[in-house]
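Observations on the three-dimensional arrangement
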Amino acid sequence: MSVVKDISGKIINYVALFSDITKIKNSNEKIEYLAHHDPLTNLPNRLLLKARLNKSIDECNELKQRLAIFFIDIDNFKLINDTYGHSIGDKIINLVAQRLQRNIRKNDTISRIGGDEFIIVIEDVLEQKNIEKIASKIMDDFKDPLKLEEYLFETTISMGISIFPNNGLDAEELIKQADTAMYSAKN
């Protein structure tokens, strides 16, 4: 807002300029969302996963708790893409994401870190058997085929698990250890 004065300094008008910034705010929110989420599944991406994982590790250090990292890969996914095409492959990724989501708790984090790889962060781990129970529940869920249009896909996954603090003290090391365990399981 500006003041308009005459030559003697007396105020004769006020000039105001208003602008609707709703579109700008909405665009900024969308950019922020896209920067932290996978566009295919709307799950947190690698960037948001690392931020959440670092926060969880700090809390676990403070509270002397454990957490588990599940590194999950869809078996033979390249064959699905090569045989049925990438649009079917994308739908399979979404179906896998939905199955994974229904097997974790609200406070756990699931993210797609690229391709056919997912990471789940399980917090508040009290006992090893809790981790085993969640892992078994996830693996059992993939005994049933994925139904997509007129197709049934016998989709399996491989999973590797690392536990804080046993297998690493930072996000990078925990993810690396879970990835190594996943490849060992796949082999």
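Before going into details, it helps to say that this report is about the structure given with it.

On to the sheet that holds strand 3 (residues 66–74). Strand pairing in a sheet is mediated by backbone hydrogen bonds. Such pairs are either parallel or antiparallel. The strand order across the open sheet built from four strands is 4-5-3-8, with neighbouring strands paired in antiparallel fashion. One side of each edge strand has no neighbouring strand; the edge strands of this open sheet are strand 4 (109–114) and strand 8 (157–164). Looking at each pair of strands side by side, their axes are set apart by 20° on average, direction ignored. Docked against the sheet, helix 4 (residues 86–101) engages strand 3, strand 4, strand 5 (117–125) and strand 8, running at close to 10° with respect to strand 5.

There is about 160 Å³ of room inside the largest pocket. When contributions to the lining of the largest pocket are tallied by element, the ones reaching two or more residues are strand 5 and helix 5 (128–141). Among the residues forming the lining of the largest pocket, the class breakdown is five nonpolar, two polar and five charged.

With that settled, consider the side chain of D73. Among the secondary structure elements, D73 is positioned in strand 3. Apart from residues no more than four positions distant in its own chain, D73 is found in contact with D116, E117, T156, I157, S158, M182 and K186.

With that settled, the discussion passes to the pattern of salt bridges. This model, assessed by the stated rule, comprises eleven salt bridges. Of the charged contacts, one joins R112 and D38 as a salt bridge, the two residues approaching to 2.8 Å between their closest N and O atoms. Residue R112 is found in strand 4, and its partner D38 is found in the loop between helix 1 (22–36) and helix 2 (46–63); the two are separated by 74 residues along the sequence. By the burial criterion, R112 is buried, and D38 matches it. Between D75 and K186 there is a salt bridge, and its shortest N-O distance comes to 2.7 Å. Here K186 lies in helix 6 (residues 171–186) and D75 lies in the loop between strand 3 and helix 3 (77–84), a separation of 111 residues in the sequence. Overall, the relative accessible area of 30% leaves K186 in the partly exposed class. Among the charged side chains, a network of salt bridges with common partners joins D73, D75 and K186.

Turning our eyes to something else, we now look at a nonpolar patch on the surface. Together, M1, V3, I11 and Y14 give the surface a local cluster of nonpolar side chains, amounting to about 470 Å² of exposed area. In this structure, M1 sits in the segment before strand 1 (2–5). Look at M1 and you get exposed, because its relative accessible area is 78%.

A few words on the pairing of strand 4. Within strand 4, five of the six residues are buried, which leaves the element mostly enclosed by the surrounding structure. Two strands pair when backbone bridges link them, and strand 4 and strand 5 are joined in this way by five bridges, in the antiparallel orientation. Across the sheet, residue G114 finds its bridge partner in strand 5, namely E117. The hairpin formed by strand 4 and strand 5 contains two residues between the paired strands, and G115 there has a positive phi angle of roughly 50°.

Cut-offs used in this document
Residues numbered from 1 in each chain as written. Predicted model: local features only at pLDDT ≥ 70, side-chain atom pairs only at ≥ 80, totals over all residues. Heavy atoms only, no water. Pairing = 2+ DSSP bridges. Helix = DSSP H or I, 4+ residues; strand = E, 2+ residues; numbered from the N terminus. Axes fitted to C-alpha atoms, helices over the stretch in contact; angles between N-to-C directions. Contact = heavy atoms within 4.5 Å. 1 Å grid on protein atoms, 1.4 Å probe; cavity = no way out; pocket = protein on both sides within 12 Å on 5 of 7 lines; lining within 4 Å. Points joined across faces, edges and corners; volume = space filled by probe spheres on them. Nonpolar A, V, L, I, M, F, W, Y, C, P; charged D, E, K, R; others polar. Salt bridge = Lys/Arg side-chain N within 4 Å of Asp/Glu carboxyl O. Buried < 20%, exposed > 50% of the residue type's maximum accessible area, 1.4 Å probe, protein only. Patch = residues over 30% accessible without salt bridge, like charges linked within 9 Å, V, L, I, M, F, W, Y side chains within 5 Å. Areas by Shrake-Rupley, 256 points an atom, 1.4 Å probe, with all protein chains shown as cover.

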